[in-house]
Number of protein chains: 2
Amino acid sequence: MVRPKKIVVIGGVAGGMSAATRLRRLDEQADIVVLERSGYVSFANCGLPYHLSGTIEQRSSLMLQTPASLAARFALDVRVKSEAVEINRDAKTVIVRNLETKNEYVESYDFLILSPGAAPVMPGQPGAERAMSMRDIEDLDRAMAWLESKPTTALVLGGGFIGIEVAENLVKRGIQVTLLQRGNQLMKNLDPEMAVMLTTRMRAAGVDLRFNTTAREFTKKTVTLSTGEEISADVIFSAMGVRPEIGLAQLAGLRIGENGGIWVDAEQRTSDPSIFAVGDAAEKTDSISGEPRLATLAGLANRHGHSVANAIAQAPVVPATPALGTSIVTFEGLAAASVGWTETALRAESRNIRIVHAHPANHAAYYPGAETMRLKLIVDADTDKILGAQGVGGSGVDKRIDVIATAMFAGITASNLAQLELAYDPQHGSAKDPVNMLGYINRNIAEGFTRTIEWHQLELFRNEGWEILDVRTVGEHRFGAMPESINIPLDTLRENLEHLRGKKVVVHCQVGQRGHTATRILTQEGVEAVNLDGGYLTWKAGMASKGDQK
Amino acid sequence: MVRPKKIVVIGGVAGGMSAATRLRRLDEQADIVVLERSGYVSFANCGLPYHLSGTIEQRSSLMLQTPASLAARFALDVRVKSEAVEINRDAKTVIVRNLETKNEYVESYDFLILSPGAAPVMPGQPGAERAMSMRDIEDLDRAMAWLESKPTTALVLGGGFIGIEVAENLVKRGIQVTLLQRGNQLMKNLDPEMAVMLTTRMRAAGVDLRFNTTAREFTKKTVTLSTGEEISADVIFSAMGVRPEIGLAQLAGLRIGENGGIWVDAEQRTSDPSIFAVGDAAEKTDSISGEPRLATLAGLANRHGHSVANAIAQAPVVPATPALGTSIVTFEGLAAASVGWTETALRAESRNIRIVHAHPANHAAYYPGAETMRLKLIVDADTDKILGAQGVGGSGVDKRIDVIATAMFAGITASNLAQLELAYDPQHGSAKDPVNMLGYINRNIAEGFTRTIEWHQLELFRNEGWEILDVRTVGEHRFGAMPESINIPLDTLRENLEHLRGKKVVVHCQVGQRGHTATRILTQEGVEAVNLDGGYLTWKAGMASKGDQK
Ligand SMILES: Cc1cc2nc3c(=O)[nH]c(=O)nc-3n(C[C@H](O)[C@H](O)[C@H](O)COP(=O)(O)OP(=O)(O)OC[C@H]3O[C@@H](n4cnc5c(N)ncnc54)[C@H](O)[C@@H]3O)c2cc1C
Ligand SMILES: Cc1cc2nc3c(=O)[nH]c(=O)nc-3n(C[C@H](O)[C@H](O)[C@H](O)COP(=O)(O)OP(=O)(O)OC[C@H]3O[C@@H](n4cnc5c(N)ncnc54)[C@H](O)[C@@H]3O)c2cc1C
Ligand SMILES: CC(C)(COP(=O)(O)OP(=O)(O)OC[C@H]1O[C@@H](n2cnc3c(N)ncnc32)[C@H](O)[C@@H]1OP(=O)(O)O)[C@@H](O)C(=O)NCCC(=O)NCCS
Ligand SMILES: CC(C)(COP(=O)(O)OP(=O)(O)OC[C@H]1O[C@@H](n2cnc3c(N)ncnc32)[C@H](O)[C@@H]1OP(=O)(O)O)[C@@H](O)C(=O)NCCC(=O)NCCS
């Protein structure tokens, strides 16, 4: 009889435990040891912030498995409070420290799987020791204990996923929250005119959001900001991002990638063929650039964990597909989702791109309850390849981003989005679904049928002598308009052409749709016209985002 | 100056009006006449049933455009109550009857677009004249007038989309509804074990659903069923399907396809190059079989209308992609969506297929409000190509079917569904989204890693001496189990292997997931085991569907 394989897994949550369970299904005989430094395994990291407010009522709901349940079901040897402190690659051993007894022992392996995750970046300023993070059950327990003392003010450092979720849940508890963001917008996976929707909603909910602001110093109950202002902060949460936990790997001489994560190949193998790495600690390949990147997402950790098990058990492996980084965050029902690259990032690389903004309803507008969402599509102007998409709004945003993520995975072009056959009834969509609409709008630009400009290009055009033509109704124009714009409602445009002949006009309506028809009329009548992509609403959002960019 | 093109459009709703508006954007000079037999254009056919209950409160919300608004915005010559009664292809003219004055006149065309839609199939039995249909505003007005008389009972003929929607809205008005279905299930785009969920929900809402039952005779207030029973029916709605309106086309000698729709090429051109046809009246190509088919869906009508405009204006045309038939219907919040072919249809053609059933939650189970849905994936066993998918449940069903429809459009394999990067936060998904999960389950079968059988194959296996092993908990087993099944909970399976050695077992759990792990344990331990796809829940649903198949 062959000796069973011995596999040691470091990190017992998303990536590590997915690898361990799959491995068991592949190899009933293997000896599988899972080492976890914290007191818990298989917990729902992504659910942690929601226990702060009681939205997730039971702490136990966050524990998907326990060492006992994993032993019963998967015959796994799961050891909590057990830290791997050193890897000896030659001997193929790991030194394990029992964090309760402080004893150390040696565990041998045939294969080692690293899924140690990423550690929250913590502030280093004086007094910052009291800042809490939100990574594991211990963090949550600490925060819940703090909340027992009925704090009334909180400071959240960082406006990414975790900062936004922590803020939401603290607000829900009635705590006055200040959120500091070093940069000038929330969520760097969104462009400013999209991210600003979240800003508005969070401020409306009472979050005191400060951009371009950091903390200078902490006292027991206050914090001094980079602006000099001192504010009250009974509790401090750090959500300034995470850093791959590469200490062990580095010590063992494994290759570290250029983004500071553990380097792996498409089968998650590190520079040592007996050692695999997955999850937040491992680098991924970016699907747009083909370059290495980090992506700290649960779906990737789970998938790559599954894949590693296959590699070790010599089952067929699907090489990791480059990461699109599809993600979503929700603040009080307002979802902000994205996939691929932002316009900001692509322009920084001088890519030749095409942008489409739309403000469709989540379902047929004639059916009650329709909500408007904001969608953005970013397309390679040379190849029509989809490079990114963003959506902000209520229900149905997740669906559109998932459909586009699927299209991107499959490599279909932006114009092809118009051809997708999506399920429509009045409660769930429109005869032309928002995603189809993005496809149509893109195709009009791609084929040179319509020319559009972006909200941030408007000033440039104005300076070059273009006039602004608002084709909305007189009522809409009166309600709020751009400075110095002429108002000729679309339905009277044909009668008013003589006022426009010989001029160059930037046409706009509320969202871009009437502007499109107007631009077509004008162009055919010999007036030089471009349509403002996304219309007044996108321009407004863009301008609002600038308010925080000082 | 060249004479402007003259285009006549027959039918002023989904397909016809989409063609007309797009054409105007392409050609400001064209002379565009839209002929519409009814009194209204551009109305929301799909919304009609919801006015019956007042869910869509305002009749006017159903009118998206009027002849006047279309004239103002698109300079279209829209003529309602104007029926095209004859096409003279040689002269390139249409005879139009003004239905108000009864006058007839001749209209010439350079290009003719046919989008006359499909007519409801009406019952022919004695007394059936009082049956109403639900196709246009006139039908709705008639129904609303009937409802004024406070009917208390209604009969709906047909259990497809429209029948279900009409029933929902009548029930909401407090009317006692009987629905007759000729066949043994609702919605023939679903397989029986999926459709039965709708049956259950409709019956729970009070709809008296009768399968394999037709109407024999109608009196003023009653109907006699094929069973001999006489029931009360103040109102009768016919929703027994629709037939393409091909009268005009046939008369004009245009080629009719083998499914009884107008034959068209991929640019929607009929057998006469000056005449195009779109929408419900035109045949499509089926994406699975490559054969002609009908598909009466608003999305296709709109898209093909757009495409025809391009063809006529000589703008680039994207040839029609074969139809997947993605669709959805909702009864009191329970959505039933599908794409592609059913298992039933594929088995009838003896296709070598693989089936996956899953019962995932719409979002992370630990976050409040998670609802279980039922998904089914149907895969070509030879090529791993996705042939169809079905979903029934509350929120999130539409998203999963749309993602799969996108995957099918793009031609990615079923196993690749596991690789999709879908947006996950606790409110919107899971680290392994339901669609990913379908991919994993499929891959396990495809790679021969797990063998599954379907609910309808269980009897066969039982007859061949296989035993049924229930690996759910003792409590679950006690709560409801298959006859003669052995219960060994998964977590105690390894200790109980000796009871199973030498046997052939069909393993099952509640939904298939624990059964999968159990099957893997058994197979590796040398016990011949197959997993019951979809578990107890799917088997239960399948058996329940049989109750109506007598
Ligand atoms: C608050 C929060 C919310 C999130 N929300 C989302 C979301 O909505 N969507 C999403 O996609 N992702 C979300 N994430 C990210 C997601 O949880 C991670 O991407 C995922 O858990 C990464 O898996 P992993 O296995 O790499 O690391 P983890 O799941 O973090 O597991 C790593 C484990 O390894 C242990 N460990 C580290 N070093 C050692 C050692 N030397 N010895 C033993 N054990 C060790 C750690 O204690 C840790 O428990 C969220 C994360 C957090 C913290
Ligand atoms: C109650 C109901 C609910 C529906 N729900 C959905 C849904 O949820 N999702 C979905 O995808 N689809 C749905 N549909 C189907 C969808 O409405 C049709 O697929 C779509 O409208 C077809 O477009 P069309 O242009 O071919 O026909 P229509 O939109 O029906 O337009 C055809 C028009 O042509 C006119 N006409 C016919 N002959 C002549 C003539 N000789 N001269 C002049 N005019 C003529 C007719 O009066 C009619 O108004 C529903 C349909 C109905 C009736
Ligand atoms: C849950 C966890 C222990 C993994 O357990 P797992 O059994 O591998 O994974 P799941 O519970 O997702 O089940 C997936 C398995 O069941 C199978 N399965 C699921 N539904 C099935 C069904 N209806 N029929 C048959 N098989 C099914 C899948 O194919 C897969 O098996 P495979 O890996 O052999 O292909 C691990 O992911 C974990 O610890 N998660 C918690 C932490 C975490 O993910 N955090 C981030 C998000 S909050
Ligand atoms: C509405 C109707 C008149 C068509 O009008 P339309 O102007 O062609 O179509 P839409 O209102 O959908 O608008 C789509 C156009 O606006 C453009 N558009 C939409 N949003 C835009 C935006 N934000 N920026 C720029 N352009 C935009 C699209 O590209 C498209 O133009 P294109 O065809 O030139 O590419 C016709 O479809 C109809 O009568 N529908 C009602 C009947 C029906 O569909 N029934 C079945 C469902 S209930």
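Residues numbered from 1 in each chain as written. Chains lettered and ligands numbered in written order. Predicted model: local features only at pLDDT ≥ 70, side-chain atom pairs only at ≥ 80, totals over all residues. Heavy atoms only, no water.

Description of the overall build of chain A
Reasoning step 1: Along the backbone of chain A there are 15 helices and 29 strands.
Reasoning step 2: For 550 residues, the compact-globule formula gives about 24 Å, and the C-alpha radius of gyration of chain A, at 27 Å, lands near that figure.
Reasoning step 3: When the backbone C-alpha atoms are referred to their principal axes, chain A occupies close to 90 × 55 × 40 Å.
Reasoning step 4: Of the contacts formed within chain A by residues at least 6 apart in sequence, a portion of 63% connects residues at least 24 apart. (Helix = DSSP H or I, 4+ residues; strand = E, 2+ residues; numbered from the N terminus. Rg over C-alpha atoms; globule rule 2.2 N^0.38 Å. Contact = heavy atoms within 4.5 Å.)

Section: the site of ligand 4
Reasoning step 1: Taken together, 30 residues lie near ligand 4, and Gln513 and His516 of chain A together with Thr21, Arg22 and Ser42 of chain B sit nearest.
Reasoning step 2: At the site occupied by ligand 4, the surrounding residues belong to chains A and B.
Reasoning step 3: One of the side-chain nitrogen or oxygen atoms of Lys432 of chain A is found 3.1 Å away from an oxygen atom of ligand 4.
Reasoning step 4: Between Ser42 of chain B and ligand 4, the recorded distance is 2.7 Å, taken from a side-chain N or O atom to an oxygen atom.
Reasoning step 5: Summarising the interface, the protein chains cover 90% of the accessible area of ligand 4, which totals 960 Å² for the free molecule.
Reasoning step 6: Examining the composition of the shell around ligand 4, we find that six residues originate from one element, helix 1 (residues 14–26) of chain B, more than from any other. (Near = heavy atom within 4 Å. Polar contact = N/O pair within 3.5 Å; in protein donor to acceptor, adjacent residues only side chain to side chain. Areas by Shrake-Rupley, 256 points an atom, 1.4 Å probe, with all protein chains shown as cover.)

Considering the sheet that holds strand 13 (residues 222–225) of chain A
All names here are of chain A.
Reasoning step 1: Ordered in space as 12-13-14, the three strands form an open sheet in which the pairing is antiparallel. What marks the edges here is a single partner per strand, and that holds for strand 12 (215–218) and strand 14 (230–232). With direction set aside, neighbouring strand axes in the sheet form an average angle of 30°.
Reasoning step 2: Looking at chain direction, strand 13 and strand 14 are connected through three bridges and run antiparallel. Residue Thr222 lies in a different strand from strand 14, and its bridge partner there is Ser232. (Pairing = 2+ DSSP bridges. Axes fitted to C-alpha atoms, helices over the stretch in contact; angles between N-to-C directions.)

Observations regarding the site of ligand 2
Reasoning step 1: Near ligand 2 lie 34 residues; those nearest to it are Tyr424 of chain A together with Gly15, Glu36, Ser115 and Asp280 of chain B.
Reasoning step 2: Site remark: ligand 2 is flanked by residues from chains A and B.
Reasoning step 3: Contacts to ligand 2 include Ala84 of chain B, whose backbone N or O atom sits 3.0 Å from a nitrogen atom.
Reasoning step 4: Taken by itself ligand 2 offers 1,000 Å² of open surface, and the protein chains cover 94% of this.

Quick notes on the packing of helix 1 (residues 14–26) of chain A against helix 14 (residues 513–524) of chain B
Reasoning step 1: Where helix 1 of chain A meets helix 14 of chain B, the closest approach of the two axes is 8 Å, and the angle between their N-to-C directions is 40°. It follows from the interaxial angle that helix 1 of chain A and helix 14 of chain B lie oblique. Here Arg24, Arg25 and Leu26 of chain A of helix 1 of chain A come into contact with helix 14 of chain B, specifically with His516, Thr517, Arg520 and Gln524 of chain B. (Parallel < 35°, antiparallel > 145°, perpendicular 65-115°, else oblique.)

Structural notes on the domain arrangement of chain A
Residues and elements named next belong to chain A.
Reasoning step 1: Assigned domains of chain A: these are domain 1 (6–117 + 243–312), domain 2 (128–240), domain 3 (333–446) and domain 4 (452–549).
Reasoning step 2: Using only C-alpha atoms to locate each centre, domain 3 and domain 4 end up separated by 22 Å.
Reasoning step 3: Counting residues at the interface gives 10 residues for domain 3, matched by 12 residues for domain 4.
Reasoning step 4: Summing both sides of the interface, domain 3 and domain 4 together bury roughly 830 Å²; the carbon and sulfur share of this comes to 47%.
Reasoning step 5: The largest per-residue losses of area from domain 3 upon contact with domain 4 belong to His357, His359 and Arg374, which jointly make up 53% of the total buried on that side.
Reasoning step 6: Applying the counting rule to domain 3 against domain 4 returns zero salt bridges.
Reasoning step 7: One can count six residue pairs in polar contact (both at pLDDT 80 or more) joining domain 3 with domain 4. (Domains from an automatic or database assignment. Buried area = accessible area lost by both parts, 1.4 Å probe. Salt bridge = Lys/Arg side-chain N within 4 Å of Asp/Glu carboxyl O.)

Regarding the relation of the copies chain B and chain A
Comparison of the two chain copies shows a relationship of rotation about an axis with a shift along it.
Reasoning step 1: Each copy superposes on the other: chain B lies on chain A with an RMSD of 0.0 Å after a rotation of 180° and an axial shift of 0.0 Å. Considering both components of the superposition, the chain copies are consistent with a two-fold axis.
Reasoning step 2: Mapped onto chain A, 100% of the interface residues of chain B again fall at the interface, so both copies present the same surface. (Least-squares fit on C-alpha atoms with pLDDT ≥ 70 in both.)

Considering the interface of chain B and chain A
Reasoning step 1: Every contact between the two is made by 85 residues of chain B and, on the other side, 85 residues of chain A.
Reasoning step 2: Counting the surface chain B buries against chain A, the share from its top three residues, Arg73, Tyr366 and Glu421 of chain B, is 11%.
Reasoning step 3: Across the pair Asp491 of chain B and Arg73 of chain A runs a salt bridge, and its minimum N-O distance is 2.8 Å.
Reasoning step 4: Counting across the chain B and chain A interface gives 43 residue pairs in polar contact (both at pLDDT 80 or more).
Reasoning step 5: Breaking the side of chain B that touches chain A down by element, the ones donating at least two residues are helix 1, helix 3 (67–74), helix 8 (298–313), strand 20 (327–331), helix 10 (397–410), helix 11 (434–446) and helix 14 of chain B.
Reasoning step 6: With nine residues, the top contributor of residues to the side of chain B that touches chain A is helix 10 of chain B.
Reasoning step 7: Across the side of chain B that touches chain A, the residue classes tally to 42 nonpolar, 23 polar and 20 charged. (Nonpolar A, V, L, I, M, F, W, Y, C, P; charged D, E, K, R; others polar.)

Here's the deal with the pattern of salt bridges
Residue and element names in this part refer to chain A.
Reasoning step 1: For the structure on display, the rule yields 70 salt bridges over all chains.
Reasoning step 2: Close ionic contact of Glu476 with Arg514 constitutes a salt bridge, the shortest N to O distance being 2.8 Å. Note that Glu476 is positioned in helix 13 (residues 474–479) and Arg514 in helix 14 (residues 513–524), a separation of 38 residues in sequence.
Reasoning step 3: Accessibility expressed as a relative area gives 23% for Glu476, which makes it partly exposed. (Buried < 20%, exposed > 50% of the residue type's maximum accessible area, 1.4 Å probe, protein only.)

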